[in-house]
Amino acid sequence: MTPAPDPALIARAAAVLKAGGLVAFPTETVYGLGALAESPAAVRAIFAAKGRPADHPVIVHVADASALDDWAIDIPPAARMLASAFWPGPLTLVLKRSHRAHELITGGQTTVGLRCPAHPWARALLAATGAAVAAPSANSFGRISPTAAQHVRDDLGQKPRGKIDLILDGGPCPVGIESTIVDLSGAGSRDGPRLLRPGAITRARLEQVLGVPVPDAGSVAPRASGRLASHYAPRTPLELVDADQLAARVAALRGTRLALLAPADLVLPAGSDHVLTHETAPDDAENYGRRLYAALHRLDAAGADRILVLRPPPGADWLAVHDRLRRAAHPG
Ligand code: TXA
Ligand code: MG
C-alpha cells in the first residue's frame, strides 16, 4: 500500500522546508503539515494555514531518540524506555522543554511533544532535511484529520491556489488515527506517566513496558487541542447509536437524508430510501481505526443531513476509536 519514497520529491520537499516553507507529508498515523521546528516564522505559517489558535502546542518530529536530549530536559528513564520500545512509531512523548523548543512549538507551556514517526516517507524527509520538523495534522483547525493526500488537497490545498508549498503523496496512512500521547513531564502535582490521548499504542502496551499504571490525565493536564470536546468533527451532524437502537433511529428519521457507518451485515428496515450511503465498518479495532477518517470524509461529502454511526463494541482495544468518535459526534 505504501509506495517507496521518491528521492527527487523528498529532496524537493527538504529544500522547501529548509527555505521556511510548508510541506504536507504522510506519517503512519495521519498526514502532517510540516515546517522547520527551529524556525518560529515557519511554525507561525502552520498556524496561519490551519487557522489554529497560537496557544496550541505542535508536535516536533525527530529522526531518532538521540534528539530527546536536544529538545527536552529532566528526561525520566520511563521516556527512554518508551522511546526504545515504540520509536519509530505512533507514540508522542510530552517532556519538559529545552531552550530549543520556542514558544510557538510549546504553545507557551513548559513542555514539548516529541515523536519519531515510522512511515518511510516521513523518515526520508527527516533524514533529507537533517533537522526536526514541527507538524500538526494537515487539516483546517477542528476538522477531520487527513489519512490520504487527497484529503489534504481538498482541504488546505497546494499553492498557488491552496496554502501548502508541497503536498507529498505516500498513499493512505496505515494506522489512520493520531499518535498515542503520554505525558512524562511530571507537570504540576502529577509525577507518573499519564495518557493524554489514546492511540494505536494501547495503555496495556505502555504499562507492559513501564511496569506501572498509565492513568488518564486529569483536568490539570496541559492543553491539548485533541482534548477539546468537539474536535476531529465532520461538518454534518454525527450521532452515535447503539446497535439495538439503529433500526428504530433510521425509521424515526424518515424525511431526512442519512449517511451510515455500520457493519456490512446491517439489515435496514423496509422503506429506508432516505439512507443515501452505507459505509461498512470493519469489526476489528485496528482496521476500523485505519479506515475511520476516510469513511468520515466520504460520509461528510454525501450530502446527508445526519451521519449515524453504530457504536463499536466496548473493550480496551477500541479506546482510541471510541475517543475519536465521541469527539466527532455533535448535534450540528
Ligand atoms: O499522529 C500524530 O500525532 C499526528 C502526526 C502528524 O504526527 N500529529 C498530530 O498533531 O496529531 P496535532 O497537532 O493535530 O495533535 C497533537 C496533539 C494536540 O492535541 C496538541 O495539543 C498535543 O498533541 N500536544 C502537542 N504538544 C504538547 C505538549 N507539549 N503538551 C501537551 N499536549 C501537546
Ligand atoms: Mg490535529
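Look up: the structure comes first, before these words.
Described below are features of the structure shown in this document.

So, how was this worked out
- Position numbers for residues start from 1 in each chain and track the written sequence from start to end.
- Chain letters start at A and ligand numbers start at 1, both assigned in the order the entries are written.
- It should be noted that, the model being predicted, local features are given only for residues of pLDDT at least 70 and side-chain atom pairs only at 80 or more, the latter also being counted only at that level, while totals for whole chains, interfaces and linings use all residues.
- Remark: hydrogens and water are excluded; side-chain values derive from all non-hydrogen atoms of the structure.
- Two strands make a pair as long as DSSP finds a minimum of two bridges between them.
- Helix and strand definitions follow DSSP, with helices as H or I runs of at least four residues and strands as E runs of at least two, each counted in order from the N terminus.
- Lines fitted to the C-alpha atoms define the axes, with helices restricted to the stretch that makes contact. Angles between their N-to-C directions range from 0 to 180 degrees.
- Any pair of residues with heavy atoms lying within 4.5 Å of one another is described as a contacting pair.
- Cavity and pocket criteria rest on a 1 Å grid covering protein atoms alone: a 1.4 Å probe that fits but cannot get out defines a cavity, protein on both sides within 12 Å along at least 5 of 7 lines defines an open pocket, and an atom within 4 Å of a point defines a lining residue.
- Grid points are joined across faces, edges and corners, and a volume is the space filled by probe spheres set on the points.
- Three classes are used, and their members are as follows: Ala, Val, Leu, Ile, Met, Phe, Trp, Tyr, Cys and Pro are nonpolar, Asp, Glu, Lys and Arg are charged, and the others, Gly among them, are polar.

1. As for the sheet that holds strand β11 (residues 238-241)
Sheet strands line up and pair through hydrogen bonds in the backbone, either parallel or antiparallel.
Next, step 1: Across the sheet, which stays open at both edges, the four strands sit in the order β11-β14-β12-β13 with parallel pairing between neighbours. Where the open sheet ends on each side, the last strands, each with one partner, are β11 and β13 (275-280). With strand direction ignored, the average angle separating the axes of adjacent strands in the sheet is 20°.
Next, step 2: One ladder, built from four bridges, connects strand β12 (residues 258-262) with strand β14 (residues 306-310); its direction is parallel. Paired with L258 across the strands is R306, a residue of β14.
Next, step 3: Helix-sheet contacts for helix α10 (residues 285-300) involve β11, β12, β13 and β14, and the interaxial angle to β12 is about 175°.

2. What to know about the layout of surface pockets
Next, step 1: When its volume is computed, the largest pocket comes out at roughly 480 Å³.
Next, step 2: Lining the largest pocket are 23 residues; nearest its centre among them are G199, A200, T202, E286 and D317.
Next, step 3: At the level of elements, α8 (203-210), α10 and α11 (319-328) are the ones that each hand at least two residues to the lining of the largest pocket.
Next, step 4: Across the lining of the largest pocket, the residue classes tally to 14 nonpolar, three polar and six charged.
Next, step 5: Around the second largest pocket sit S140, R143, I144, H151, D154, D155, A233, R235, H297, D300 and A301, which together line it.
Next, step 6: Here the lining of the second largest pocket takes three residues from helix α7 (residues 149-155), the largest share from any one element.
Next, step 7: By residue class, the composition of the lining of the second largest pocket is three nonpolar, three polar and five charged.

Scope: geometric values only; no functional claims are made or implied.
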